[in-house]
Amino acid sequence: MKVALQNLTKIFPSRNKKQPKPVVAVNDFTFDIPDGTLIGLLGPSGCGKSTVLNLISGLLKPTSGKIFFGDDDVTNLPPENRGVGLVFQNYALYPHLTVKKNITFPLENLKGKDKLTKEQMDQMALEAAKLVQIDMLMDRKPSELSGGQQQRVAIARALVKNPKVLLLDEPLSNLDARLRLQTREEIRRIQRSTGVTTIFVTHDQEEAMSISDLIVVMKDGEIHQIDKPQNVYDDPVDLFVAKFLGTPPINVFDGRVENGKLFIGDEAVLDIPSVPNGNVDVAIRPEGFTLDENPVLTCDLSRVEVMGRDISVVATHNNSQNPVVRAIIDSDNLSSVNGTKVKFGVKPNKVFIFEKETGKRIRF
């Protein structure tokens, strides 16, 4: 099911009587979600991504704008008539019901021509449980399940009605690291096997990048960039996107452009003849540093962290906006790192420059 969001805006009234300025949670959000894709809504806490999800589900009504499922305008349609499956961050399972009863609960509320027999509901519950691989746990109660198993129950309950759209609101935030990895792979497998259009909300950029067909990077209720995960990482449109994506985070320096050269401190790191003179922010991905015979940036060495295949060189620089400069290099180059100074070369495709005042990308 294609989902189209047109100029979607949600404004909440202020609760501060001294400063009655309304809160704009979502601002003019326009995006077409292709049928059968998995979309990641990514951004820091408070950016409006869960509000967008609640607007799509019908739990919130937009202040302005429209929502379409296919060709149908569902903006004013109640949640129960939209055909959505919603998985909450805290699972929201009924503790007194078994796994089977939790999964069949949405089916028991169907009325009229949609009403199902007990046998039909049990069969649909079993099929949903098999899809998420919990069919052997049908008689247990939520307290007898692990966090990952509870999450699968919540997903099965959302899928049992064959929803047009599946909405996942930070579904992995309560799981430990190993379960997060396992469960996100399961979500991707389930989405591919069902073909249901899925919208996945997270503040974890690694989660969004690993399983999404497209990611929408948000800040303060607005869209900053929409693209395939790797494209957003390789080609950020502004400094916020560049800093938000990437582990370890991107290194940001105070720089300047003089006569076609990019300077960090007193060192010229790149030739950029098409860029006018002025102060800029320079961002370099950790993997954008090299240890070669043509160093262009000198840093004070703090320590070396061995990570197996790669090593992380931790250094400092007077013009760095980050507390430390972190470079990821091949462990074969470990012998090249010694003394109190480290001299780096840079890969031009891993260097980005941005306007100092606006944070917008300057292409060169």
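Right, let's walk through the structure included here. (Residues numbered from 1 in each chain as written. Predicted model: local features only at pLDDT ≥ 70, side-chain atom pairs only at ≥ 80, totals over all residues. Heavy atoms only, no water.)

With that out of the way, let us pick up the side chain of Asp169. Looking at where Asp169 falls in the secondary structure, it is placed in strand S7 (residues 165-169). The side chain of Asp169 sits in the buried core without any salt bridge; Lys49 is the nearest counter-charge, 7.3 Å away. Within the local environment of Asp169, its side chain forms a polar contact with the side chain of Ser50, the two groups lying 2.9 Å apart. Non-local contacts of Asp169, meaning those with residues more than four positions away in its chain, are made with Ser50, Leu53, Val87, Phe88, Gln89 and Val201. (Helix = DSSP H or I, 4+ residues; strand = E, 2+ residues; numbered from the N terminus. Buried < 20%, exposed > 50% of the residue type's maximum accessible area, 1.4 Å probe, protein only. Lys, Arg positive; Asp, Glu negative; His and termini not counted. Salt bridge = Lys/Arg side-chain N within 4 Å of Asp/Glu carboxyl O. Polar contact = N/O pair within 3.5 Å; in protein donor to acceptor, adjacent residues only side chain to side chain. Contact = heavy atoms within 4.5 Å.)

A few words now on the nonpolar core. The biggest cluster of nonpolar side chains holds 32 residues, and the ones touching the most others in it are Ile103, Ile134 and Ile187. Those elements giving two or more residues to this core turn out to be helix H2 (99-108), helix H3 (118-131), helix H4 (147-159), S7 and helix H5 (177-194). Broken down by element, this core gets its largest block of residues, six residues, from H4. The residues contacting Ile103, other than those within four sequence positions of it, are Ala125, Ala128, Ala129, Ile134, Met138, Val153, Ala156, Arg157 and Val160. The next biggest cluster of nonpolar side chains, apart from the first, holds 30 residues, and it includes Phe253, Ile264, Val280 and Val351. (Core = buried A, V, L, I, M, F, W, Y, C linked by side-chain atoms within 4.5 Å.)

Here we take up H4. Between its terminal C-alpha atoms H4 stretches 19 Å, which fits the 18 Å expected from 13 residues at 1.5 Å a residue. Counting buried residues in H4 gives eleven out of 13 residues, a clear majority hidden from the surface. Gly148, Gln150, Gln151, Arg152, Val153, Ala154, Ile155, Ala156, Arg157, Ala158 and Leu159 are the residues of H4 that are buried. For H4, the elements touching its buried residues are strand S6 (84-87), H2, H3, S7 and H5. (Expected span 1.5 Å × (residues − 1).)

Attention now moves to the pattern of salt bridges. This structure, assessed with the given rule, holds 18 salt bridges. With a shortest N-O distance of 3.5 Å, Lys113 and Asp114 are connected by a salt bridge. Residue classification places Lys113 among the exposed residues on the basis of a relative accessible area of 78%. With relative accessibility at 41%, the residue Asp114 sits in the partly exposed group. For Arg326, the salt bridge is made with Glu305, and the minimal N-O distance between the two is 2.8 Å. Of this pair, Arg326 sits in strand S18 (residues 325-330) while Glu305 is found in strand S16 (residues 297-306), placing the two residues 21 residues apart along the sequence. What makes Glu305 partly exposed here is its relative accessible area of 26%. Bridged by salt links that share partners, the residues Arg152, Glu186 and Arg189 form one connected network.

Before going further, it helps to examine the sheet that holds strand S5 (residues 72-73). Taken in spatial order, the four strands of this open sheet run S2-S1-S4-S5, and their pairing is antiparallel. The open sheet has two edge strands, strand S2 (23-33) and S5, and neither has a second partner. For strand S1 (residues 3-12) and strand S4 (residues 64-69), the ladder comprises five bridges, and the chain directions are antiparallel. Each residue of the ladder has a partner; that of Val3, found in S4, is Phe69. Together, S1, S2 and S4 form the strand contacts of helix H1 (residues 49-57), whose direction differs from that of S1 by roughly 115°. (Pairing = 2+ DSSP bridges. Axes fitted to C-alpha atoms, helices over the stretch in contact; angles between N-to-C directions.)

The subject of this paragraph is the pairing of strand S11 (residues 251-258). As paired elements, S11 and strand S14 (residues 278-284) share seven bridges and run antiparallel to each other. Bridge pairing in S14 links Phe253 to Val282. Bridge count between S11 and strand S12 (residues 261-264): three bridges; the pairing is antiparallel. From the neighbouring strand, Glu258 faces S12, where its bridge partner is Lys261.

In short, shape yes, function no, at least from these values alone.
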